[in-house]
Amino acid sequence: MRFLFFLLFFSSFYVFSQSYQLLDAQNREAIPFGKVIPSKENPRLTDIDGIFQLQDTLQSIQVRATGYFDTIVQLSMVENGKIYLISKAQNVQEVVVKPGVNPAERIMALVIANRMKNHPFENDGFISKQYSKFTFDLDDASRKILEDTVVDPTDTNLYSMKQFFGRQHLFLIETASQHYFEPPYKEKEIVEAYKVSGFTDPMFSTFAQSMQSFHFYDNQVELLSEQFVNPIAFGGIKRYLFILEDTTINGADTTFTIFFRPRKGKDFEGLTGRLFINTNGFAIEKVVAKPYRSSSGGTEITIIQEYAFLNGKKWFPVKLSTEVQMVFAAINVSKGKTAFVTGKGATYMEKVQFNPPELDKVKFNNIAVQTKVGSEKINDATWDSLRPFVLTDKEKTTYVSNDSLSKEEHLDRYLKMAKVLSSGRIPLGYVNLDVSRLFSVNGFEKTRLGLGFENSDKVIPWMTASIYGAYGFGDKVWKYGGALDFHLDPSTKTNLKLFYSNDVVEVGGNVLYKTSLFYAQDPGRMLFVNNMSYQKKAGIQFSTIIRANKHLTLELNYQQNQFTNGYQFMQQASCSAFMSSLLFSWAIREKGVILGDVFLPKGSKFPKIQIKVEKAWDMPSLDVASMDFLRLQFNAFHVTTIPGNGRFTWNVRAAWTNVPTPLLYQQAVHASYVKRSISIPNTFETVAVSEFYHQQQVNVFLRYIWNAQRTKAKWNEPQFGVHYAFGYGTMSNQSAHNLSFQTMNKGFHEAGLLFNGLFVSGQSSMGFGIFTRFGAYANTGNWKTNVYPKLSFGYVF
C-alpha cells in the first residue's frame, strides 16, 4: 500500500509526453520546423525530421508550416503519431513595403550587426565530439512509387529492385571525430573512427563534413565545394529579399521565421530558404538553404543547420543536415515512372566545451583534417559507444550486404585503380601508364608523342621506378629519361629521387606554381614556346611538405646543354653546369587533409608564393663545369572572388641572374602572341614568345572577369573582363648573344578587353579578346598594328 501511495503521489507531479511527426500528405516527407501551437502550452517548432513532443493531457493543437494550409488537429484522431498537412501552391513575388521599413530587414540588420559576435570561430576556443552519418537511397517520393507499383511476376528485375530497397540502403558512411579550435584560426579535426559499406579506403571518411560549411556566418557559404553569397554577409539586405513569415514566442525569447532569396535584377550565386532568428543575441537558431539557381550538374542540394545556446555562453551548431538529390542517377521503375537516388546525412556536435584547458595540449598545424591510420578497424563495441543512435536493421543489412559484395567483386581494388587514374596514370596490372607523356604540343617540337611507364605499388610500395620516351615531329629528335623515387613518408610526400633525362628545356624559362595535376598558372602557353635547348641532366632530388602548406625541394644535378636555332653565347653553341637549387613554395594559410597516409591540399583564400634559388658551381678541378652564377626567381599569384561580382587575378614575377650567361639561364618574359592565337592568362598577350629577354626583370599581370550574365539563350552567358600587364627588365653585355631580341628597359604596357562566354556548352565557354600595347613599345604606323585579337576559352562562373 505504501508503494502504491508513493506511486500515485509522484505520478501527480509527472506528466507523460508523446512524440508526433509532421508529414506532407502527398509524398509522406517530413516537414521540418513547422509551428505547433498547443491550446495550453507555449508554441514550438518541429525539428528537422518534423518531430515534436506533446503532453498526453492535450486534446487539440494548431499546426502551421510555410507552404501548407493551417490545420486544427484533434489529437484523439491521430494514428501512430503521424500528422499530415496538405500543401498549397506558393509563389513568392517581389515585395515592396510602404510606408516604413520592411520588418524583416530591420531584424536582418540586427543579425548582420551581431554576425561576428555570434560567429562560432570568434572569441572562444572549443573542443567538440562529432558523429556523422550519410546514406544513399531512393528519395521518399521514389520509394512510394516503387512500393505502390504492382510487380509483374515475370519482371524479375523490378521484383529484385523492390526487394533490395526494402531491406537496405545503397551506401552508408559513418564517421566519429574530435574537433578542436583555438582563435583566431587554429583548427584541427581528427577522425578517430570511420566505417564505409563495401570499402575500407579513408577517402570517404570526411564525406559528410565536406557537403557544407560548418556554420552559416562567413561571407560565403560552401555547398558541394561551390561558393554562395551568404544572406547575412555585409550588404546582404541590398542583395537579398527578406520576408517575415512568422513569429514564435517561447518564454523570454522570440523566434522570427524569415524567407530569403536574391532580389530580382541581382545576378550572383545566391541561396534561398528560411532563417529562424532568435532574439537572444539575434542569432541563427535554424537555417534551411539551397542554391537559388538549379545546378547544371544534375544535383540539387538542401542543407539545414540547427544551433543551440550552450552553457549560457553562445550559440553553436549542434546538427548539420544535408540532402543531395541526384537527378542524373535516375532509375526506371516502370513505364512512365522514374525513381531518383538521394543522399541524406547529418553531423551531430556533442559534448562541446568552450576554452577547455585541454586545448593547450593540442598540437595545431596546417593539417585541418586527419584520419588516423587504422581508424577503419574500430570494433563494434567501440562503435556502439560512439553512435548517438542505435543502427537500424536496414543499416546493419547495408553493411553486411555491401561488405560481402565488395569482397566478391574486389571493389577496394577498383577504388584504388580510380585513385591511380586521378593522378594521371592508367593502371595496367604491375605497371602504370603515365598519361602526361602520351601527347603534347609546343612551338619547338610541334607534335610530341611518347610513352611513360612506372611500377605500381603492387610491386614495391615504397619506391616508384619510371621510364619514358618521346619523339618530336618538329625537331625529329628522340627524348628519354628515367627515375627512381623513394617514398620516405607518404603523409608528408617526403621523397628522395634519382633521375636522368635527355630532353628539351625552355630557354630562359621561369618557375611556375602548378595548382593541380592538369592546371598551371598559364595553361596553353607552351603551345607557342619555340626557343628550346637540348639538355642532358642527371641528379638527385629531395622533396617534402612542411606544415601542410610549405613545399621544399632540394636538388643537385649535372647538366650538358646544346643550343638550337643557331644560337651562340660568346661564340659557344653549348655549355655545361654543376647545379644546386632550392625551391620553396608557400600557400599562405592553406590547410591540408591527411586521409590515412595520403596528403591532400584544401585550398586557400590567400596568395601563393614561390621562390627558387639556383647556383652553378665552377669546379675546374673536377673538369665537369665552367659555369659560375647565381639565379633567383620569385613568383606570387592570387585569385580573389568578389561575392556577387567577379574574380580578380593578379600575378607578380621577378627574376635575376648575377652575371651574363647563356640565355638558357637568363629570363624569358611570359608571352603568348602568335598569329591566330588564343588568350592565355598571366602572359603578355601582345608579345611574341622570343621578343624579349632579360638578365633581371619584373612582370605584373592583372585581370578582372565579371560574373556571367544570364540570358534566355542556354548557349550564351557573356562574361566581360579587363586585362593589364606591365614589364620591366635590363640586360648587360647583350652583344655576347648572337640572337636578336629586345629588353623592356623603358617599361612595357599593354591592356585589353575580354568578351568571354559568347558560346557556352556546360561549364565551358568560348569568346574573344582584343588587346593593345601602348607606351614606348607601341608599334609605329597604322593604329591597327597595335590591335591584337585573340580567341578565349574558359569556364563559366
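Draft legend 1. Spatial organisation of the packing of helix H4 (residues 140–148) against helix H5 (residues 156–167). Axis separation between H4 and H5 bottoms out at 10 Å; the angle between their running directions is 130°. In terms of their interaxial angle, H4 and H5 are classed as oblique. For the pair H4 and H5, the crossing hand works out as left-handed. Facing H4, whose interface residues are Arg143, Leu146 and Glu147, H5 presents Leu158, Met161, Lys162 and Phe165. When grouped by side-chain class, the residues that make up the contact of H4 with H5 number four nonpolar, no polar and three charged.

Draft legend 2. Here's a closer look at H5. Here H5 is twelve residues long and its end C-alpha atoms lie 17 Å apart, about the 16 Å a rise of 1.5 Å per residue gives. Among the residues of H5, Leu158, Met161 and Phe165 are the ones counted as buried. Down the axis, H5 shows its buried residues gathered within 55° of arc, on one side only. Along H5, exposed side chains directed more than 90 degrees from the buried face belong to Thr156 and Gly166.

Draft legend 3. How the structure looks around empty space enclosed by the protein. Applying the stated criterion across every chain, the model contains four cavities of 30 Å³ or more. Taken as a whole, the largest cavity encloses approximately 80 Å³ of empty space. For the largest cavity, the full set of lining residues is Asn510, Val511, Gln633, Phe634, Asn635, Arg653, Ala654, Ala655, His670, Gln697 and Asn699. Listed by contribution, the elements that provide at least two residues to the lining of the largest cavity are strand S34 (629–642), strand S35 (646–657) and strand S40 (696–706). A per-class count over the lining of the largest cavity returns four nonpolar, six polar and one charged. For the second largest cavity, the calculated volume is near 40 Å³. Along its surface, the second largest cavity is lined by Thr649, Asn682, Phe701, Leu702, Arg703 and His723. The element contributing the most residues to the lining of the second largest cavity is S40, with three residues. Among the residues forming the lining of the second largest cavity, the class breakdown is two nonpolar, three polar and one charged.

Draft legend 4. Region of the structure containing unusual backbone geometry. That bond from Pro183 to Pro184 is cis: its omega, 5°, falls within 30 degrees of zero. With respect to the secondary-structure elements, Pro184 resides in the loop between strand S9 (171–182) and strand S10 (186–196). Located in the positive-phi region is Arg589, a residue other than glycine, with phi close to 60°. Counting through the fold element by element, Arg589 comes out in the loop between strand S30 (574–587) and strand S31 (592–595).

Draft legend 5. Spotlight on a nonpolar patch on the surface. A grouping of Leu421, Ile426, Leu428, Tyr430, Val431, Val435, Leu451, Phe453, Val459 and Ile467 is seen on the molecular surface, where their side chains present a nonpolar patch of about 870 Å² in accessible area. Of all the secondary-structure elements, those providing two or more residues to the nonpolar patch are strand S21 (425–428) and strand S24 (446–455). Mapped onto the elements of the fold, Leu428 is located in strand S21. Take Leu428: its relative accessible area is 46%, and that puts it in the partly exposed class.

Draft legend 6. The arrangement of the pattern of salt bridges in detail. Scanning the entire structure with this criterion turns up 30 salt bridges. Between Asp70 and Arg64 there is a salt bridge, and its shortest N-O distance comes to 3.9 Å. On the accessibility criterion, Arg64 (27% relative accessible area) is partly exposed. Here Glu269 makes a salt bridge to Arg293, at a shortest N to O gap of 3.2 Å. Residue Glu269 is located in the loop between strand S14 (253–262) and strand S15 (271–278), and its partner Arg293 is located in the loop between strand S16 (283–291) and strand S17 (299–310); the two are separated by 24 residues in the primary sequence. The class of Glu269 is partly exposed, set by a relative accessible area of 27%.

Parameters and conventions
- Residues numbered from 1 in each chain as written.
- Predicted model: local features only at pLDDT ≥ 70, side-chain atom pairs only at ≥ 80, totals over all residues.
- Heavy atoms only, no water.
- Axes fitted to C-alpha atoms, helices over the stretch in contact; angles between N-to-C directions.
- Helix = DSSP H or I, 4+ residues; strand = E, 2+ residues; numbered from the N terminus.
- Parallel < 35°, antiparallel > 145°, perpendicular 65-115°, else oblique.
- Left-handed = near helix turned anticlockwise from the far one by under 90°.
- Contact = heavy atoms within 4.5 Å.
- Nonpolar A, V, L, I, M, F, W, Y, C, P; charged D, E, K, R; others polar.
- Expected span 1.5 Å × (residues − 1).
- Buried < 20%, exposed > 50% of the residue type's maximum accessible area, 1.4 Å probe, protein only.
- Arc of directions from axis to C-beta.
- 1 Å grid on protein atoms, 1.4 Å probe; cavity = no way out; pocket = protein on both sides within 12 Å on 5 of 7 lines; lining within 4 Å.
- Points joined across faces, edges and corners; volume = space filled by probe spheres on them.
- Patch = residues over 30% accessible without salt bridge, like charges linked within 9 Å, V, L, I, M, F, W, Y side chains within 5 Å.
- Areas by Shrake-Rupley, 256 points an atom, 1.4 Å probe, with all protein chains shown as cover.
- Salt bridge = Lys/Arg side-chain N within 4 Å of Asp/Glu carboxyl O.

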